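Inside the fold
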Amino acid sequence: MSSTATVGDLVSQNYKYGFVTDIATDKIAKGLSEEVVRLISSMKQEPAFLLDFRLRAYRQWLQMEEPDWATLGYPPIDYQEIIYYAAPKQQQKKSSLDEVDPKLLETFEKLGIPLSEQKRLSNVAVDAVFDSVSIATTFREQLAEHGVIFCSISEAVKDHPELVERYLGTVVPTNDNYFAALNSAVFSDGSFVFIPKGVECPMELSTYFRINSGDTGQFERTLIIAEEASTVSYLEGCTAPMFDTNQLHAAVVELVALDDASIKYSTVQNWYAGDENGVGGIYNFVTKRGQCRGDRSRISWTQVETGSAITWKYPSCVLQGADSVGEFYSVALTNNRQQADTGTKMVHVGPRTRSTIVSKGISAGHSANSYRGLVQIGPKAVGARNYSQCDSMLIGDQAAANTYPYIRCQQPQSSIEHEASTCRISEDQLFYLQSRGIGFEEAVSMMVSGFCRDVFNQLPMEFAAEADKLLALKLEGSVG
Amino acid sequence: MVAAPVVTAAAAGSGAPALAWLAELAGAPLPTRRQEDWRFTDLTALAAIPVGVAAPAAGRALDPWAELNLPAGVTRLTGTAAEAQLGTALAASGCDQHWPVLLNGGARPALLVLKVEGDAGSLELPLPVSAGEGVAAWRLLLVLEPGARLELLQVPAPAPGQRQLLSLVSEVVLGEGARLQLGCLAQGHNHAALLHHLAVRQASASELQATLVSSGWGLARHEPRVVQEQGAARTRLLGLQRVDGRQLADTHSFVRFDGPDGELDQLHKAVADGSGRSVFNGAVQVPRLAQRTNAAQLSRTLLLSDRARIDTKPELEIVADDVKCAHGATVSQLQSEELFYLRSRGIDATTAAGLLQRAFCHEVLRELPAAAHRHDPMTALLGAA
Amino acid sequence: MSAVIRPDAPVLLEIRDLHASVENQPILKGVNLTIRAGEIHAVMGRNGSGKSTLSKVLAGHPAYTVTAGSVFYRGENLLDLDPEQRSRIGLFLGFQYPVEIPGVSNLEFLRVATNARRKERGDEELDTFAFEDVVRERLSVVQMDPAFLDRSVNEGFSGGEKKRNEILQMALLEPVVAILDETDSGLDIDALRIVAGGVNQLSSPDNATLLITHYQRLLDLITPDAVHVMAAGRILRSGGKELALELERSGYDWVDAELARLDGEAERQPLEVA
Ligand SMILES: Nc1ncnc2c1ncn2[C@@H]1O[C@H](COP(=O)(O)OP(=O)(O)OP(=O)(O)O)[C@@H](O)[C@H]1O
Ligand SMILES: [Mg+2]
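Scope of this entry: the structure provided in the associated data block. Quick caveat, the model's predicted, so the values are computed rather than measured. (Residues numbered from 1 in each chain as written. Chains lettered and ligands numbered in written order. Predicted model: local features only at pLDDT ≥ 70, side-chain atom pairs only at ≥ 80, totals over all residues. Heavy atoms only, no water.)

Right, let's get into the interface of chain A and chain C. Contacts between the two partners involve 21 residues from chain A, matched on the other side by 34 residues from chain C. Each partner contributes to the roughly 2200 Å² buried at the junction of chain A and chain C, and carbon and sulfur atoms together form 62% of this total. Counting the surface chain A buries against chain C, the share from its top three residues, F431(A), Y432(A) and R436(A), is 36%. Summed over the shared surface of chain A and chain C, the result is 1 salt bridge. Among the salt bridges present, the one from E166(C) reaches R436(A), with a minimum N-O distance of 2.8 Å. The interface formed by chain A and chain C includes 13 residue pairs in polar contact (both at pLDDT 80 or more). At the level of elements, α8 (427-434) and α9 (440-451) of chain A are the ones that each hand at least two residues to the side of chain A that touches chain C. With 7 residues, α8(A) is the single largest residue contributor to the side of chain A that touches chain C. Residue composition of the side of chain A that touches chain C, by class: 8 nonpolar, 8 polar and 5 charged. (Contact = heavy atoms within 4.5 Å. Buried area = accessible area lost by both parts, 1.4 Å probe. Salt bridge = Lys/Arg side-chain N within 4 Å of Asp/Glu carboxyl O. Polar contact = N/O pair within 3.5 Å; in protein donor to acceptor, adjacent residues only side chain to side chain. Helix = DSSP H or I, 4+ residues; strand = E, 2+ residues; numbered from the N terminus. Nonpolar A, V, L, I, M, F, W, Y, C, P; charged D, E, K, R; others polar.)

This is the structure:
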């Protein structure tokens, strides 16, 4: 590309995860009703408490209105046109990977997530979720030796019902918001993690989500519990095939950290974003919340959001325990017609709680990228501190960057600092790099990753390089 | 003149019956906290205002400004000459249907339209009120011809001890290269409320500096709204609000650049004490055609009591790539190191805290037009040192 | 222009009747200059005479449009090439005002740039470790603290530090033709010696240097083979190193007379290349 091209053309990269796996699935009929909720629960042979939980959520959902306050534009979703449960046809979760349909293993391998014994990543345990169902979890035995439970939430319901009952819905109540209520009613699967007291989880845990069916909504539910003085690092990755219809993804993630526990939750989200005209793509409406219940506990969210047609997502921390710490590091890249409305909420309840927010938004093409944040310091949060930094980078003059950092403070002995800036890649910076022999696209991607460095530094090593590449890929052709 | 829209009685279901008369006056129901712009500002406080029109003081003569001495270069317009420009800044800045503006229109405001040519020096505009209770309303339109200059000070003040709602709507049209330095020094009391809209249209190369200071009101809301119609103008917005007791002060600002090369420099400060509430919402819009805009917004709050509360929400919307937009917000108590330093020099804690508060406020107060000095704004705000 | 200095050496850079404008404003109005291997040229001239413009046009800055003339680099049409390609084949510009690039690590930047040049030359690219060794060795040429490697490109560097960083890049890229735009300005006396030492150390019979400077003090340390005076977008006079001394003594007053005389000529002849 010549140097006279503008920074606007680099973004039309083909989505390389857009294939569909041809596999027989069990689906229930389209639409949502109390019967459907009961059917999901009975298909999964759930205990009564869970059916009650689902029904309560469903009834609450019926009373709620879809939110419209985010600066998002999308046609109304017909909730009766969605299939709420789809599972690859296979009787039961297999005890060994050899019994899993090779097509599924192949799918995940193509996605760069080999599950088989020989090929799997050496230091990452993976739970692979295909449409609504977890198909395999690696390294379970090794983890069990440390007392760590890592399995699908369906299995957790069967094997550890008391833990699920104690924690499910305690961070994100069923009536928290429209999509959380919907998820609570119909969630199909997801991951469950339990780290017992004093245990430092010996490897990275990771869930890989794959939406395959065209008309299926994905409603997964993740629950991570870190008992006293335990630590865990968890990573979530996502892709979906290319369809020209929109698919709904409404997940709920709940994290609980007890005294001195630490949870690090990283996401690299690369759902299909639709084409350059905004046709197709995932609607990603996700509720993620962590509760620092214990003193000195710590929850850290790191996200790299590059996909989805629409993203609506505010990973949050409720800082209850004294001296607890919440962190949010985010890179959100939007291109073409993508819309992202993302940010975080840091709710300081306990004394001397601290939070840090670093958000980097990059908007290219005709996309819109909004940061929406809340920092709330309650009356008891004596000595609380927050520092936020939100930077936007605009590429091309058709892209929008919005910033809505909301601050509420009721405690005089606290301090909040917020900084935000907007920048673009200047012609002179580009020229400087080029005049040292660095190609145009590489120069742009160097500057974009420089812009995101504070966030990438927070990702687990293996994924930082991945995120860098992903961003470069997404921007290809948008700059020029 | 100001056509209030007809709102059906059904839509006017504004809760407290004590407020019904205000809804009727405005021809529209009171905003509720379910509306984003009013989320933190509860107007039910206005229920304490007794029904009535506390007309501006010269009420009998209908024109409180009949005797006003205007400096050279400033002329008063009436009749059709006045009406031609009336409402244009409100419409341009998107607030002609805002409830406080509708209320102002419904409350039969005293109207003053001034045309300014050349360098007109400075003018202090009295906003006298009668001793009665109820609503008092003023409507002001300033048209600065190209190249004109004016310093204008407004000092809205309720009659002592009277339960009054002061409604002030100022419109300003700045011609090319015109310069206005506007100050509003609003000192209220616990039984009074102030609703103030300032709508400004700026032509290119014009300069606006608006300094809005308020303290002591049961409820005060300022809405400075500025549109740079061709960009390439300079806007400075300064705000300082202080709350104590159960007072509420709210500033909702809005600035839009409809052309390239515009500049905004905004500083909003708040001091919250007692059980006071302070709200700041600062919207800045930079559409695609506003390339090379340079906008900076800073909000700083001093929170002095553990019963006080502050809500701050910048809103930046940018659709242009070659822009510089920075904003920042801080909330803090008085810096303990600074306090300590002063105390280590023999100054007692209370005096030291006072000094630091004064320093905090001074940054905004010094930007008021020179005419403000005789009102001793620092003492009005913080009491005697 | 004065006589050819090294008539047998190959021509590295040949600028002919170069016209260029920025934002539709003509700045260069017919520059002619030939640079051969082994030569050091100095370009002087008043502020605003077009020296930096010339250097940026040579480096291919997109804001400048070449409206007439040609530039050949070792026989290749330079104006056809992207800026990065020019660098890869050995043209280096030390900027008068090096830009700051927040977030991009200086070390990473230097490595990518060096490898781009190495690749072009068919040399093996250096991994992070091998590069660290190379860069540390070159750092000593400019006596720069290794701490600068961990910072962002030029961000927060003092004026002199930026210039040293430019020379470090030159040392790493080993250019064939180096254009140094006021690399001496903003340097303290020691730094000036270091930079001059660096330039001398890096120059060889196979490469050439074009120094843009206002001061004799740099030319005391780097002896030029030719000195050119730019005015109003062209080279008005050329001579040996004594021309610089003369300028130092008597300034640029003669330029106005000369320009007036040239403007007076009905048909202005392009200054002949020797
Ligand atoms: N982007 C631009 N737009 C308009 N004029 C420009 C631009 N860039 C350069 N010029 C003008 O071109 C002329 C030559 O500038 P140049 O930077 O080449 O001068 P110089 O000889 O390097 O001066 P100095 O000794 O001060 O570095 C100056 O008059 C300058 O103002
Ligand atoms: Mg120069």
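On we go from here.
Residue and element names in this part refer to chain C. Pairing within the open sheet is mixed, and its 6 strands lie in the order β6-β9-β10-β3-β11-β12. In this open sheet, the two edge strands, each paired with only one partner strand, are β6 (91-94) and β12 (234-239). With strand direction ignored, the average angle separating the axes of adjacent strands in the sheet is 20°. Sheet analysis places β6 next to strand β9 (residues 177-181), joined by 4 bridges and oriented parallel. Paired with L91 across the two strands is V177, which belongs to β9. Strand contacts of helix α1 (residues 51-59): β3 (40-45), β6, β9, β10 (208-212) and β11 (226-231), with the helix running at about 145° to β6, the strand carrying the most contacts. (Pairing = 2+ DSSP bridges. Axes fitted to C-alpha atoms, helices over the stretch in contact; angles between N-to-C directions.)

Glancing now at empty space enclosed by the protein. Leftover empty space is mapped by rolling, across the atoms, a probe with the size of a water molecule. Residue and element names in this part refer to chain A. By the definition in use, this model includes 10 cavities of 30 Å³ or more. The space that makes up the largest cavity amounts to roughly 90 Å³. S359, G361, N369, Y371 and S392 are, among the 15 residues lining the largest cavity, the residues nearest its centre. Those elements that place two or more of their residues in the lining of the largest cavity are β20 (354-364), β21 (368-377), β22 (385-395) and β23 (400-409). By residue number, the principal contributor to the lining of the largest cavity is β20, which donates 4 residues. Classifying every residue of the lining of the largest cavity by side-chain character gives 4 nonpolar, 9 polar and 2 charged. (1 Å grid on protein atoms, 1.4 Å probe; cavity = no way out; pocket = protein on both sides within 12 Å on 5 of 7 lines; lining within 4 Å. Points joined across faces, edges and corners; volume = space filled by probe spheres on them.)

Here the focus is the interface of chain A and chain B. Counting residues at the interface gives 29 residues for chain A and 34 residues for chain B. One salt bridge connects R424(A) with D322(B), and the closest N-O pair in it is separated by 3.3 Å. Counting across the chain A and chain B interface gives 14 residue pairs in polar contact (both at pLDDT 80 or more). Elements that contribute at least two residues to the side of chain A that touches chain B include exactly β23 and β24 (415-423) of chain A. Per-element tally for the side of chain A that touches chain B: the top contributor is β23(A), with 10 residues.

Moving on to the sheet that holds strand β4 (residues 64-73) of chain C. Residues and elements named next belong to chain C. Within the open sheet, the 4 strands sit side by side as β2-β1-β4-β5. Their pairing is antiparallel. This sheet does not close on itself; its edge strands, each paired only once, are β2 (25-36) and β5 (76-77). As defined by bridge partners, strand β1 (residues 11-22) adjoins β4 across 8 bridges and the pair is classed as antiparallel. Bridge pairing in β4 places I15 opposite V71. In the packing of α1 onto the sheet, the strands contacted are β1, β2 and β4, and the crossing angle to β1 comes to about 110°.

Just distances and angles here, no functional claims.
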